[in-house]
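# Reading the structure
Each chain, letter by letter, is given below.
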Amino acid sequence: MKIGILAVQGDFEAHAAMLQQLGAQTAEVRTPADLDGCDGLILPGGESTTQLKFLLEEGLADKIVKFAERGGAIFGTCAGAILLAKDVQHPRQDSLNLMDMTVVRNAYGRQIASDVVRGPTVLKKEPLEMVFIRGPVIERAGPGVKVLAEYAGKPALVQRENILAATFHPELTDDTTVHEHFLRLAGSHRKRTNGGKSST
Amino acid sequence: MEVKKPNGHGNGSKGSNEWRVKVGLAEMLKGGVIMDVTNAEQAKIAENAGACAVMALERVPSDIRKEGGVARMASIKVIREIMNTVTIPVMAKVRIGHFAEADVLQALEVDFIDESEVLTPADEENHIWKHDYRVPFVCGARNLGEALRRIGEGAAMIRTKGEAGSGNVVEAVRHMRAIVSQMKKLTTMRDDELMHEAKELGAPLELVRQIAKTGKLPVPNFSAGGIATPADAALVRRLGAEAVFVGSGIFKSSDPEARAKAVVKAATHFADPKAVLEAHEELGEAMRGLDVRQLEEKDLLATRGW
């Protein structure tokens, strides 16, 4: 299974290390062509304003939306979750509009408010370790959006069909639970298309 | 993609939660460009051009060089205006060893503090004990020993010193090559050689042993000092820099907006010469550079700190 990782700017290497540990093949995505042949795509943490400009200028934004429409699995962490959200606040910002939710940027404050916490999840019995770095908050999850983990009463990990979004950074922990879940999503896409031959 | 462990991450111990979120923010800046700005208007230009963070300072290094005098932490009013103008992280510089300036910047809640040789040092022996702070620090280094001493004191990011304000990339190249080749050497050494090597480097043994195992710094390794063109950014990225700081190079050029964008593009597509070519198209004149060999010892910024 091959997972593309948007490698414009941000913690793309941390995602690659975790996916490779789980046996997945990874590819850095900087141009639309880099996404060809991928079963899933990760939008890593970083600066969403910087990443969004890049996606629009390189023509990657359209390609990613089409990838999602064809059932390709996408996982956005932190800045990546902001890129996926339909509605971005504080300040208002455009997005790929792939998940019906409202996200408030830098909702906890500046870097000094960054922290490592634990929150309940439906993916396993124990609470999930969550690393928040200048993290956003999901203020509203629309109909059809499943909440898979929470922190302080707010959704922190959400899913709608093939799209997964986390306001925290599972890639900066030792816990592979969330990435395993994502690989299952990408795997079911792979099965649906060409009996294993990946497509975009 | 080759298997690469991310920094600060990988040899079992991740350290305290505080350390993890400090190195975590540095991880988020990888692949990007951090630009020096002296006011809110420049900060907005930098953000619009795709900078992943800005460094707030009173004068860019080339002006500090020209005007002389004591260079200190920037005015709080200016830093605050910049913090209120952009949503990307805001960094600010303190003088080497000036922990009271650092306290002030932490109280102001800047996102990153640069203990920088570009400002006039406040202490010629001691750097700040950076473990005491919740806000992460970046420090300059000319070689591996210097980098590891700063990490030992709690720096969550290392950048080459280069020669700030010179518009000349030669020192940044020298420092990046030194750090990378010294790390490579450590990976080839036997355990019983590492104590002597730690003594030679003047670096903590534990960090030396860690690098002998991983071959890379336990924190992100960025480049700064003299980067003025898109090709300069591509050069240091290809030599191992995980992100790029650009100081005087942007706002001392004839075309700051276009140049800022072009440097961002080249830093991302550093391995693709066509993209770096595109970044250079339509660019005007770069800042006027200095031949660092013509500079006297007292004019060098990189020799500040140890």
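This report concerns the structure included in the present document. (Residues numbered from 1 in each chain as written. Chains lettered and ligands numbered in written order. Predicted model: local features only at pLDDT ≥ 70, side-chain atom pairs only at ≥ 80, totals over all residues. Heavy atoms only, no water.)

### Here's the deal with the side chain of Gln111(A)
Heads up, the condition is: Counting from the N terminus, the helices are the DSSP runs of H or I reaching at least four residues and the strands are the DSSP runs of E reaching at least two. Residue contacts follow a heavy-atom distance rule, with two residues in contact if any of their heavy atoms lie within 4.5 Å.
Counting through the fold element by element, Gln111(A) comes out in the loop between strand S6 (99–104) and strand S7 (115–119). Those residues in contact with Gln111(A) that lie beyond four places of it in its chain are Ile133(A), Arg134(A), Val21(B), Lys22(B), Leu25(B), Asp111(B) and Pro136(B).

### Looking at the sheet that holds strand S2 (residues 25–29) of chain A
All names here are of chain A. Keep this limit in mind: When DSSP finds at least two bridges between two strands, those strands are taken to pair. Axis definition: a line fitted to C-alpha atoms, over the contacting stretch in the case of helices. Angles run 0 to 180 degrees between N-to-C directions.
Taken together, 7 strands build an open sheet; the order of strands is S2-S1-S3-S4-S12-S11-S10 and the sheet is mixed. Strands with a single pairing partner mark the edges of an open sheet, and in this sheet they are S2 and strand S10 (146–151). For this sheet, the mean angle separating the axes of adjacent strands, direction not counted, is 20°. Pairing of strand S4 (residues 73–77) with strand S12 (residues 163–166), which is carried by 4 bridges, proceeds in the parallel orientation. Its bridge partner being in S12, threonine 77 is matched across the sheet by alanine 166. Running at roughly 165° to strand S1 (residues 2–6), helix H1 (residues 12–21) makes contact with S1, S2, strand S3 (40–43) and S4 of the sheet.

### Focus: the nonpolar core
Going by this rule: Here the nonpolar core consists of buried residues drawn from Ala, Val, Leu, Ile, Met, Phe, Trp, Tyr and Cys, with membership extended through side-chain atoms lying within 4.5 Å. With a 1.4 Å probe rolled over the protein chains alone, any residue whose accessible area is under 20% of its type maximum counts as buried; one over 50% counts as exposed, and the rest are partly exposed.
Ranked by size, the top nonpolar core spans 47 residues in total, and within it Met35(B), Val54(B), Ile79(B), Ile82(B), Leu105(B), Val110(B) and Ile113(B) carry the most contacts. Not counting the four nearest positions on each side in its chain, Ile113(B) is found in contact with Ala92(B), Val94(B), Ala102(B), Leu105(B), Gln106(B), Val135(B), Pro136(B), Phe137(B) and Val138(B).

### What to know about the layout of surface pockets
Rules: The distinction between a cavity and a pocket rests on a 1 Å grid over the protein atoms alone: a 1.4 Å probe fits inside a cavity but cannot get out, while a pocket stays open yet meets protein on both sides within 12 Å along at least five of seven lines, and a residue with an atom within 4 Å of a point counts as lining. Grid points are joined across faces, edges and corners, and a volume is the space filled by probe spheres set on the points. The classification used treats Ala, Val, Leu, Ile, Met, Phe, Trp, Tyr, Cys and Pro as nonpolar, Asp, Glu, Lys and Arg as charged, and all other residues, Gly among them, as polar.
One number sums up the size of the second largest pocket: a volume of about 380 Å³. Those elements that provide at least two residues to the lining of the second largest pocket are helix H2 (48–57) of chain A together with helix H2 (40–49), helix H12 (256–268) and helix H13 (273–280) of chain B. Counting residues per element, the lining of the second largest pocket draws most heavily on H12(B), which supplies 6 residues. Taken together, the residues that form the lining of the second largest pocket break down as 9 nonpolar, 7 polar and 8 charged.

These figures capture arrangement, not role.
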